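The primary structure of each chain is shown beneath.
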Amino acid sequence: MCLAAPAKIIRRSGLTATAETDGVRREVHLGLLPEVQVGDFVLVHAGFAIQRWTQEDLDEYLSLQQELESTL
Amino acid sequence: MTVSPAPSPGLKAQLLEMHQLARQFGRPVKYMEVCGTHTMAAFRSGLRTLLPESISLLSGPGCPVCVTPADFIDQAVALARLQDVVIVTFGDLLRVPGSRSSLERERAGGAEVRVAYSPLDALAWAAQEPQRRFVFLAIGFETTIPAIAVSVLQAAERRLDNVSFLCALKLMPPALAALLRSPALKLDGLLCPGHVSVMIGPEPYAFLAKSHHLPCVVAGFEPGDMVAGVLMLLRQSCGHRAEVEIQYHRSVKPGGLLRARQLWESVFEPSPSRWRGLGWIPESGLKLRPEFSAWDADRLYPETQVPAAVENPACRCGEVLQALVLPGQCPLFASGCTPEEPQGPCMVSSEGTCAAYYRYGRMASGASAAPERA
Amino acid sequence: MGLTDRILLAHGSGGRQSQDLLQQLIIPLFKDILLTPLDDSACLSLPAGQTAFTTDSYVVDPLFFPGGDIGRLAACGTINDLVMQGGKPLFLSLGLIIEEGLPTTDLQRILESLAAVLQDNEVRLATGDTKVVQRGQANGLYINTAGIGRCLPGVDTSSSNARPGDEVIVTGTIGDHGVAVLSHRQGVRFETELTSDVAPLWALLKPVFEHHPAALHVLRDPTRGGVAAAVCDIARASNVGVVLNERSLPIRAEVRGACSLFGLDPLDVANEGKALVVCNPKETPTLLEALRSHPLGQQAAVIGSVVAESPGLVRLRTRAGGERLVDLPAGELLPRIC
């Protein structure tokens with residue numbers, strides 16, 4: 001029911017930030033997560049950051065992605 | 001030259017365990033993936049073809065487009081026909097048929113309908129074009145509700161009086177409670193929605209484990225997440241446990257996102273809501289609080305209120321949404337009802353169960369879309 | 001008289017201002033490649049053998065997008081339609097439907113990029129027409145181009161030629177054009193360095209036509225509807241099954257990123273500078289080498305194979321190791337939240 005994609009916060013001004021996913025940059029609103037800092041990874045849904053990921057969270061996601069590229 | 005990919009090592013180990021456990025368990029199990037995005041991800045990743053035959057995934061009511069009654073579209077269509085009104089909608093709603101028309105058809109007939117990715121786009125346009133009136137079609141579950149709430153608050157703060165919201169926001173736990181009251185539905189567990197749970201946390205599913213003795217796992221949307229989620233369900237089934245577990249730890253925290261819920265509670269209050277297939281469910285919807293009535297399209301344009309729509313009697317979306325029948329058991333599926341000419345909401349929404357079966361599941365081998373009994 | 005800074009209705013009236021537009025803007029741009037200026041129709045001398053003839057209309061919104069504009073698109077699209085039939089592009093017609101108020105410099109830029117493509121590919125402009133419509137009746141500019149080409153002997157690339165055992169090659173990354181255009185669309189807007197792949201494919205495929213004509217079974221350009229629509233067409237026309245391998249699909253990071261943000265499938269997204277090649281598997285290495293030696297084909301990859309099973313259907317072996325159906329995309333690509 002809800003698509004969300006991870007993105008890195010690369011700029012912020014007030015509650016408006018720019019988030020980047022794979023070279024795609026889009027404005028996102030930080031009203032739900034005002035504590036987010038530049039450099040943080042967040043999950044983006046409908047133009048809003050809805051969760052902050054730690055480095056470990058990101059690593060888990062990347063390893064799930066990477067796993068799909070390799071076979072035994 | 002074409003190498004057929006085998007599952008990756010991690011996935012392969014998990015699938016191996018799943019197949020072993022499924023054999024040990026002995027009887028077929030039915031798990032419901034509540035969320036439409038899980039339905040779509042399971043098809044798109046081909047996951048359903050990797051699961052043991054004894055595990056069926058049934059799709060639940062977690063597709064906002066699918067459970068929104070046709071009269072919501074009828075009202076949006078009526079709004080679109082008003083002078084100077086611009087409809088702003090998520091792309092998901094554009095092609096959804098109402099009783100007689102869709103927003104796509106109204107746009108062809110001269111109405112202005114704009115597709116947005118964020119509800120804040122409606123505010124930006126309203127500020128740029130003060131002579132026109134903008135109505136945002138606010139549909140969605142707990143994942144989307146905070147974004148709508150922030151947008152309403154901003155409209156109020158900025159005193160934007162030419163933007164309003166037509167709300168059909170819905171809450172998942174009351175719908176699950178209503179769904180499980182149906183004696184026809186026999187389930188062995190639930191794959192709980194990942195992004196809804198970002199907001200509400202895993203706690204609201206406790207009644208499913210406690211009162212209904214159903215294993216519950218909150219899962220993410222990568223193929224690896226979903227395989228792990230189903231495996232966790234199966235381990236519970238095998239161990240005769242019924243607990244709420246989180247697979248999607250990186251996004252779902254105990255307690256959810258309090259700030260988001262506080263924001264939405266300041267803007268909305270609970271209300272009864274009508275769901276396609278499930279009917280009226282108390283406290284399963286949200287309406288704008290009276291102090292935001294100046295941004296409530298339903299109040300601003302009472303002339304667009306429409307009677308409850310009569311749905312195509314042959315369409316079985318209602319039962320599909322309750323996992324009582326599979327899409328292939330509907331007489332309209334793939335003959336009268338296709339993604340190009342949808343008759344019911346489960347076909348039009350790209351995450352609808354029927355659309356997923358139609359687009360990805362009609363395999364000649366029948367591997368994933370055989371008309372098994374639900 | 002000099003041209004006004006915006007196109008007026010009068011520029012399409014057939015009178016003096018029409019002449020001004022033609023003489024001051026259009027003819028100078030095309031003077032080296034114009035066939036028969038100002039006659040009612042062009043008289044062509046065609047080489048012996050079969051002639052390929054195609055037409056297409058271009059209504060892209062926005063008119064300028066990263067990596068190209070509607071002029072480059074109109075030239076490349078029609079050239080590529082000829083090339084896909086094994087035709088060497090020779091002549092193009094140019095029909096312009098301009099909305100009054102279009103900045104004259106925009107028209108100039110668009111026609112300059114169209115002319116550059118024709119020049120580079122030794123295609124002559126044979127005939128043309130200009131109309132101006134009232135404001136609100138068009139979205140700036142629509143272009144129709146028709147193309148004529150000479151069918152190369154020994155090349156038969158019809159969609160119905162795929163046979164079980166054949167392999168499917170795509171000449172480069174998929175979805176670039178659709179995502180680049182989407183990035184400038186109202187309500188979606190995002191920033192990216194990604195540019196449209198819009199390019200004429202004659203130079204890429206000419207050596208293949210010349211040296212390996214028999215290896216080619218089918219050629220298609222996966223434009224609107226993307227790779228999904230083109231491969232579905234081939235499966236149906238040839239009454240064969242096609243199995244694509246998700247892991248082999250060349251996809252740029254930006255296309256992957258935009259698709260994950262907006263809920264799109266890269267297979268459904270349009271390309272304007274790519275070809276799908278269905279070929280004899282014995283010739284696959286030779287073809288790949290030939291394609292990869294050209295700048296437009298460096299990322300060429302085998303993405304699937306043709307099978308006898310489930311004729312008419314396209315299946316995808318997914319990255320997760322499962323399988324699913326690939327179907328024709330339904331309707332316009334819309335950003336989704338669900």
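Residues numbered from 1 in each chain as written. Chains lettered and ligands numbered in written order. Predicted model: local features only at pLDDT ≥ 70, side-chain atom pairs only at ≥ 80, totals over all residues.

Participant: What is the right way to read the overall build of chain C from this model?
Facilitator: For chain C, the helix and strand inventory stands at eight helices and 14 strands. For 338 residues, the compact-globule estimate of 2.2 N^0.38 gives 20 Å, and the C-alpha radius of gyration of chain C, at 21 Å, lies within 12% of that figure. When the backbone C-alpha atoms are referred to their principal axes, chain C occupies close to 65 × 55 × 30 Å. Relative to its full complement of 338 residues, chain C shows a buried share of 55%. Expressed as a percentage of contacts within chain C between residues at least 6 apart in sequence, the contacts between residues at least 24 apart total 85%. (Helix = DSSP H or I, 4+ residues; strand = E, 2+ residues; numbered from the N terminus. Rg over C-alpha atoms; globule rule 2.2 N^0.38 Å. Buried ≥ 20, exposed ≤ 12 C-beta atoms within 10 Å, placed from the backbone. Contact = placed C-beta atoms within 7 Å.)

Participant: Can you walk me through the interface of chain C and chain A in this structure?
Facilitator: The parts lose accessible area when they come together, and the size of an interface is often stated as this lost area. Between chain C and chain A, the contact holds 19 residues from the first and 15 residues from the second. When residues in the side of chain C that touches chain A are grouped by element, the largest group, seven residues, is from helix α7 (residues 253-262) of chain C. Looking at side-chain class alone, the side of chain C that touches chain A contains eight nonpolar, four polar and seven charged residues. (Nonpolar A, V, L, I, M, F, W, Y, C, P; charged D, E, K, R; others polar.)

Participant: How do you make sense of unusual backbone geometry when you look at a structure like this?
Facilitator: Residues and elements named next belong to chain C. With an omega of 5 degrees, the peptide bond running from D61 to P62 counts as cis. Inspection of the secondary structure assignment puts P62 in the loop between β1 (51-58) and β2 (64-65). Its identity as a non-glycine residue notwithstanding, N239 has a phi of 50 degrees, on the positive side. Among the structural elements, N239 can be located in the loop between α6 (226-238) and β10 (241-245).

Participant: Where do I start with helix α12 (residues 258-267) of chain B in this structure?
Facilitator: Residues separated by three or four positions in an α-helix point in the same direction, a consequence of the helix having 3.6 residues per turn. Residues and elements named next belong to chain B. All of the buried residues along α12 are A260, L263, W264 and V267. One face of α12 carries all of its buried residues, which in axial projection span an arc of 90 degrees. Of the residues in α12, the exposed ones pointing more than 90 degrees away from the buried face are L258 and Q262. Summarising the contacts, the buried residues of α12 are in contact with α7 (145-157), α9 (194-200), β10 (268-275) and β11 (279-288). (Arc of directions from axis to C-beta.)

Participant: Before we go on, may I ask you to explain the interface of chain B and chain C in this structure?
Facilitator: In this complex, chain B contributes 44 residues to the contact, which on the side of chain C involves 33 residues. Going through the elements one at a time, α2 (36-44), α3 (64-67), β4 (112-116) and α16 (353-361) of chain B are the ones with two or more residues in the side of chain B that touches chain C. The element that contributes the greatest number of residues to the side of chain B that touches chain C is α2(B), accounting for four residues. The residue makeup of the side of chain B that touches chain C, split by class, is 23 nonpolar, 12 polar and nine charged.

Participant: Honestly, the confidence of the model for chain B in this entry has me stumped. Any pointers?
Facilitator: Detailed conclusions should not be drawn from predicted coordinates in areas where pLDDT is low. Of all residues in chain B, 94% have pLDDT values of 70 or greater, and the mean over the chain is 91. Contacts from residues 364-374 of chain B, a stretch scored under 50 in pLDDT, to residues over four places away or in other chains number 23 contacts. (pLDDT = per-residue confidence, 0-100.)

Participant: How should I be thinking about the packing of helix α5 (residues 202-211) of chain C against helix α8 (residues 284-292) of chain C in this particular structure?
Facilitator: In helix packing, the relevant descriptors are the interaxial angle and the interaxial distance, both defined with respect to the helix axes. Residue and element names in this part refer to chain C. Close contact between α5 and α8 brings their axes to 9 Å; oriented N to C, the two are set at 145 degrees. As for the relative orientation of α5 and α8, their crossing is right-handed in sense. Across from L204, P207, V208 and H211 in α5, the residues of α8 making contact are L287, A290 and L291. Of the residues assigned to the contact of α5 with α8, the class counts are six nonpolar, one polar and no charged. (Axes fitted to C-alpha atoms, helices over the stretch in contact; angles between N-to-C directions. Left-handed = near helix turned anticlockwise from the far one by under 90°.)

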